[in-house]
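Residue-level structural notes
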Amino acid sequence: MGDHKEQQSVRVGAAVRRRRRTLELTLAVVAERSGLSVPFLSQVENDKARPSPTSLEKLADALRTTAVELLAAADPACSVDVVRAAPVADGDFDPRTRSLVRGHHQLHASEFTGDHDAGREFRHRNDELMYVADGAVEIEAEGRAYRLGRGDTLYLTGGVRHRWRATVPDTRVIVVAVAEHIEAVQDRSR
């Protein structure tokens, strides 16, 4: 069984919709600017139609961007993607970061191995989860310190200021977060 990753086919619809909404434009306005019909644009946004290169250029112009940027922001057509671990040389203890998710998705995940800049403060727009796969970390969040060991998790809601550092050599931390481009709804009334 091979890894499933279709490089050619992308779903440009979500990228078009995100760009249109960012500019606060209606389908009718984009149709007028591009010379394309509202029904066709709706089909493109819902991935029921794929624009030709010419139509994509017209659409990009109407959205004040380029076709290349729309394609770069497009979602891959497949729903399964395997990211293989990179081989680590013996005695390599330098800090490393690697993305565990490729492309433009609703979730972002990274693996941090080794030491980390403890002075760097983070404040993310959306929620995130930190999982200690190996070693131990100390996390300061909203003025309070937390010590986490192997298998422990810490959940942070969007907007919480925090910083962290490894307290054991060769620590591995997995961070999974809602991507920054997602407008997460926060209900603080509970």
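This text goes with the structure placed above it.
Residues numbered from 1 in each chain as written. Predicted model: local features only at pLDDT ≥ 70, side-chain atom pairs only at ≥ 80, totals over all residues. Heavy atoms only, no water.

1. Some details on unusual backbone geometry
A positive phi angle is found at Arg64, which is not glycine, with a value near 55 degrees. Relative to the assigned elements, Arg64 resides in the loop between α4 (53–62) and α5 (67–72). A positive phi angle, close to 65 degrees, is found at Asp170, a residue other than glycine. Looking at the element boundaries, Asp170 is found in the loop between β9 (162–166) and β10 (172–178). Overall, Asp170 belongs to the partly exposed group, its relative accessible area being 37%. (Helix = DSSP H or I, 4+ residues; strand = E, 2+ residues; numbered from the N terminus. Buried < 20%, exposed > 50% of the residue type's maximum accessible area, 1.4 Å probe, protein only.)

2. A closer look at the sheet that holds strand β7 (residues 144–149)
An order of β7-β6-β9 is seen for the three strands of this open sheet, with the pairing classed as antiparallel. Every other strand in the sheet has two partners, leaving β7 and β9 as the edge strands with one partner each. Strand-to-strand twist across the sheet, computed as the mean angle between neighbouring axes with direction ignored, equals 20 degrees. Where strand β6 (residues 136–141) and β7 come together, six bridges link them in antiparallel fashion. When the bridges of β7 are listed, Ala141 appears paired with Arg144. (Pairing = 2+ DSSP bridges. Axes fitted to C-alpha atoms, helices over the stretch in contact; angles between N-to-C directions.)

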